[in-house]
Amino acid sequence: MATDFTPLVANGAQLKAALRKNKAKQKRKAFLLVAPLLAFILVGFCLPILDMLSRSAENQLIVKNLPRTISALGEWQASSDNLPGEKAFIAIAEDLQIAQKLSRATQLGQRINYELSGTASLFRKSGRKIENLIPLAKESSYKETLLNFDQKWGEVELWRVIKRLSKPIIPDYYLAALDLKRDMQSNSIDLLPSDERIYLGLFARTILISLSITLMTLLLGFPIALLIARLPARQGNLLLVLVLLPFWTSLLVRTTSWIVLLQQQGVVNDILVAVGLIGDDARLRMIYNTTGTVIAMTHILLPFMVLPLYSVMKTISPSYLRAAISLGAHPISAFWKVYFPNTIPGIGAGAIMVFVLAIGYYITPELVGGRTGVFISNRIAYHISSSLNWGLAAALGAALLVLVVTIYWLYDKIVGIDNIKLG
Amino acid sequence: MSRNTIIALVVVAIVAIVGVNYLTKDKEMMAPKEAKEANLVIVSWGGAYSDSQQNAYHKPYMEKYPQVKIINDDSSNEAVPKMRAMSEAGNVTWDLVDVVAADAIRACDDGLAVEVDVNSVLAKAPDGTKASKDFGDLLVSPCFIPQIVYSTTFGYRTDLVSEPMTSVCDVFDLQKFPGKRSLEKRPINNLEWALLCDGVDEDDIYDVLGDKEGVARALAKLDTIKSEIIWWSKGAETPQRLADGEVVVGSTYNGRLFSLIEEKKQPVAMLWDWQVFDLDGWIIPKGGKNEEAVLHYLNFATDTQRLADQAKYISYGPARKSSAPLVGKHATLGIDMAPHMPTDPRNAKNVLLFNFEFWADKRDEIDEQFQSWLAK
């Protein structure tokens, strides 16, 4: 009998191989299980984002449609105050002629118009007339003909801009997103004059307001979570449902109700006036400004703070506190030194969730933010749907992404990301 | 040459020939005689405006031609970016889109919309006037078929002012008319009004706005009431604020104010002074799948009677000259609509026309200055 027995695994090496095989099989199975989700995320999430981000630097429109002009401008010095020579004017006429046939002339003009206003109409007009202009130009000179047709062709700045945009990959959208501009004359990168700066201030404001919203949700959410965690399961669950209730109402309804409550002729002001706390001529401004955004968004994002806090608090054994107090600690110091440190993972998780959600919020600031309570995302939306400057929108989006990742990294350095717990 | 290569070459050649033929085929653009069976996706603004189109155009058309089904899509406020995305993705699912003139010009420039030969597609006026003449200079883009003239103008609370407001400059007068104002959060219109009230002549407005100092001058005028302005971005915000008494005066589209005053009976009156005319109308997205059916519908929906009918439901002026005498009473309120039209001579004493070319060129630059001013 014993001689017939051949062990499945004869030695260590075979055992390892068998284990590895088994493990690989399990890994394959696991991978197949997550494959649908992975594919979905790749196709539905990563690819569109990458596509959008790639617009922030690509410049195919100009490079593909103005190839002759770009090569004709090769020797021309952008820092000089002289117009480029006849060659460049011949080239732009030919490029325009082809672009007009493909109905791209105005699109080109629109693109350059982002950098130099007036170009949209220049390209539209010239594109429509280019077929008539070229025979004229052949008799005399292209430069004269175009300059006679519209003197904007004689602006050196226009040619500087075209030269600046002559590479397939350009940094200009990113520079614009940071209120910077490349000056071709002096070949330097400068900050825009103060009456044209928009984005730096908006980024700072977005971060500041998001931070205050996070702080507000923490101040309001902590006691609620504490209460729910301490109550018997039945009442606790009821309160939890109340916390979740706002999720079941439309975001727009919630935002609009804040307008009804907070406006100067609104419910809160009416009550304050009726009680005599404030005069009728001194009604408080609580909406269409930063305050409005902070209040409305704190309300909307509160559940995202309460839930992680609650689930972490639920796991803290009440005996810790009892032990501390029985050992002689004052209740406050017991809470502060024993209970509170245990809730930090929940605070971390809640704070990160609220902050990240807040920083990209769009519709609520748009409705209640007025002039001082709007976010960078409102400008991104503007560039996507109104100005159609998708390149700049993509660059602003990328900048926001970098900002969020940086803050996440800072958080990891200071607090430690392992410290986050959802329950 | 292997067989596969030959087959591949033949396929490429066929595709190329068909493709070139397709591209170069001169398609005669005419409204077809018969309505084909089709589902038309028609995009518009939603709300009261879509209802007026439903009543004046869609319903009678579908009754007459039951083989056509019209599907409404309320995406007009994002029409151009969506059309651009559809065109990039090569899947255009819309057949007809209602947009303001500036968007139509934009879409046409970008090659997103089809150019329409107005005289062969659209119906003549009852007296035989060609469509191109009947619409006249409202045909601001070769892709655009105007439906209505609307205006952006002010409404004010009659019970919150000491005397009726008569001039747009009253909006800038905090002494005489204290209280909050509701203005649109964009430079267009606001800068024009500011300059008019800063003493600039109507004819010089766009010369002044042409450089940064001019824009700064307009913004300085707005600065005098900046603390009292509540900004709006959706057309419904001003009527709501007027109804709540949150603002004393505010700008919005005249049709919104009409419904606030006549339908909701709020104590609000119109301040037509220096209203800004703008146009709204149809464009056909390039690459749509029902072009013939759309042309047939357009021929019907933009004829003289249909445009006049729309004014029964909403107080916007029909774009055809021949429709004006046919404008009658409101369908449910029974009041005469003519005095509520922005184009009525009594309302149109001082009028600005939306300057498409200027804003197409300058909007991005001026918007930067405006936003920067807002943030201060």
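Just so we're clear, the structure is a prediction, and the values are computed from it rather than from any experiment.

A. View of the pairing of strand β7 (residues 249-253) of chain B. Residue and element names in this part refer to chain B. Within β7, four of the five residues are buried, which leaves the element mostly enclosed by the surrounding structure. Alignment of strand β4 (residues 145-157) against β7, held across five bridges, turns out to be antiparallel. If you follow Gly155 over to β7, its bridge partner there is Gly250.

B. A look at the domain arrangement of chain B. Residues and elements named next belong to chain B. Domains assigned within chain B are domain 1 (29-149 + 280-326) and domain 2 (150-277 + 337-375). Of note, the centres of domain 1 and domain 2, computed from C-alpha atoms alone, are 29 Å apart. Taken together, the contact between domain 1 and domain 2 spans 14 residues of the former and 15 residues of the latter. Across the domain 1/domain 2 interface, buried area totals approximately 1100 Å², and carbon plus sulfur atoms make up 73% of it. On the domain 1 side of the interface with domain 2, the three residues burying the most area are Val149, Ser315 and Tyr316, jointly 51% of the side's total. Where domain 1 touches domain 2, the interface holds zero salt bridges. Inspection of the domain 1/domain 2 interface yields two residue pairs in polar contact (both at pLDDT 80 or more). Breaking the side of domain 1 that touches domain 2 down by element, the ones donating at least two residues are α4 (101-109), β4 and β9 (317-318).

C. Examining the interface of chain B and chain A more closely. Taken together, the contact between chain B and chain A spans 42 residues of the former and 41 residues of the latter. When chain B packs against chain A, close to 3800 Å² is buried across both sides, 40% of that on carbon and sulfur atoms. The salt bridge partner of Glu228 of chain B is Arg285 of chain A, with a shortest N-O separation of 3.3 Å. Summed over the shared surface of chain B and chain A, the result is 26 residue pairs in polar contact (both at pLDDT 80 or more). For the side of chain B that touches chain A, the secondary-structure elements that each account for two or more residues are α3 (79-89), α4, β6 (229-232), α10 (237-244) and α14 (356-375) of chain B. Per element, the largest residue contribution to the side of chain B that touches chain A is 14 residues, and it comes from α14 of chain B. Residue composition of the side of chain B that touches chain A, by class: nine nonpolar, eight polar and 25 charged.

D. Representation of the domain arrangement of chain A. Split into domains, chain A comes out as domain 1 (2-54), domain 2 (60-169) and domain 3 (199-419). Computed from C-alpha atoms alone, the centre-to-centre distance between domain 1 of chain A and domain 3 of chain A is 41 Å.

E. The arrangement of the confidence of the model for chain A in detail. Scored by pLDDT, chain A comes out at a mean of 91, with 97% of its residues at no less than 70. Looking across chain A, the model is least confident in strand β1 (residues 180-183) of chain A, with a mean pLDDT of 90, and most confident in helix α10 (residues 199-230) of chain A, with 96.

F. Structural view of the pattern of salt bridges. Residue and element names in this part refer to chain A. This model, assessed by the stated rule, comprises 30 salt bridges over all chains. For Asp150, the salt bridge is made with Lys125, and the minimal N-O distance between the two is 3.1 Å. One end of the pair, Asp150, is in the loop between α7 (142-149) and α8 (156-164); the other, Lys125, is in helix α6 (residues 119-139), and 25 residues separate them in sequence. Residues Asp172 and Arg164 are paired through a salt bridge, measuring 2.5 Å at the closest nitrogen-oxygen approach. Side by side, Asp172 and Arg164 carry an identical accessibility label, which is buried. Salt bridges here are not isolated pairs; linked through shared partners, they connect Arg111, Glu115, Arg164, Asp172 and Arg182.

G. Inspection of the environment of Pro187 of chain B at higher detail. Residues and elements named next belong to chain B. Looking at the element boundaries, Pro187 is found in the loop between β5 (181-184) and α7 (190-197). Separated by 31 residues in sequence, Pro187 and Ala218 place their C-alpha atoms 9.6 Å apart. Excluding residues that lie within four positions of it along the chain, Pro187 makes contacts with Glu192, Trp359, Ile366, Asp367 and Phe370.

H. Inspection of the state of the cysteines at higher detail. Residues and elements named next belong to chain B. According to the stated counting rule, one finds two disulfides over all chains in the structure shown. The disulfide partner of Cys108 is Cys143, and the gap between their sulfur atoms is 1.9 Å. Torsion about the S-S bond of the Cys108 and Cys143 cystine: about 65°, corresponding to right-handed handedness. Here the residue Cys108 occupies a position in helix α4, and Cys143 occupies one in the loop between α6 (131-135) and β4, the gap between them amounting to 35 residues. Summarising the burial analysis for this pair, Cys108 and Cys143 share the class buried. Between the sulfur atoms of Cys169 and its disulfide partner Cys197 the distance amounts to 2.3 Å. Where Cys169 bonds to Cys197 through sulfur, the torsion about that S-S bond is close to -100°, and the disulfide is left-handed.

I. Structural context of the environment of Pro331 of chain A. Here Pro331 of chain A shows up in helix α16 (residues 331-359). When the C-alpha positions of Pro331 of chain A and Lys421 of chain A are compared, they lie 26 Å apart, and in sequence the two are 90 residues distant.

J. Region of interest: the pairing of strand β2 (residues 188-191) of chain A. Residues and elements named next belong to chain A. With four bridges joining them, β1 and β2 adopt antiparallel strand pairing. Paired with Asp183 across the two strands is Ser188, which belongs to β2. Hairpin connection between β1 and β2: a loop of four residues separates the two successive antiparallel strands, and Asn187 in this loop has a positive phi of roughly 55°.

K. How the structure looks around a nonpolar patch on the surface. Residue and element names in this part refer to chain A. On the surface, a cluster of nonpolar side chains totalling about 930 Å² of accessible area is made up of Phe31, Leu32, Leu33, Val34, Leu38, Leu42, Val43, Leu47 and Leu50. Here Leu47 shows up in helix α1 (residues 12-54). Leu47 sits in the partly exposed class, given a relative accessible area of 48%.

L. Broad picture of the side chain of Ser50 of chain B. Residues and elements named next belong to chain B. Tracing the backbone shows Ser50 in helix α2 (residues 47-64). From its side chain, Ser50 meets the backbone nitrogen of Gly46 in a polar contact 2.8 Å long. With residues near it in sequence (within four places) discarded, Ser50 still touches Ser44, Trp45 and Asp74.

Conventions we followed
Residues numbered from 1 in each chain as written. Chains lettered and ligands numbered in written order. Predicted model: local features only at pLDDT ≥ 70, side-chain atom pairs only at ≥ 80, totals over all residues. Heavy atoms only, no water. Buried < 20%, exposed > 50% of the residue type's maximum accessible area, 1.4 Å probe, protein only. Helix = DSSP H or I, 4+ residues; strand = E, 2+ residues; numbered from the N terminus. Pairing = 2+ DSSP bridges. Domains from an automatic or database assignment. Contact = heavy atoms within 4.5 Å. Buried area = accessible area lost by both parts, 1.4 Å probe. Salt bridge = Lys/Arg side-chain N within 4 Å of Asp/Glu carboxyl O. Polar contact = N/O pair within 3.5 Å; in protein donor to acceptor, adjacent residues only side chain to side chain. Nonpolar A, V, L, I, M, F, W, Y, C, P; charged D, E, K, R; others polar. pLDDT = per-residue confidence, 0-100. Disulfide = S-S within 2.5 Å. Patch = residues over 30% accessible without salt bridge, like charges linked within 9 Å, V, L, I, M, F, W, Y side chains within 5 Å. Areas by Shrake-Rupley, 256 points an atom, 1.4 Å probe, with all protein chains shown as cover.

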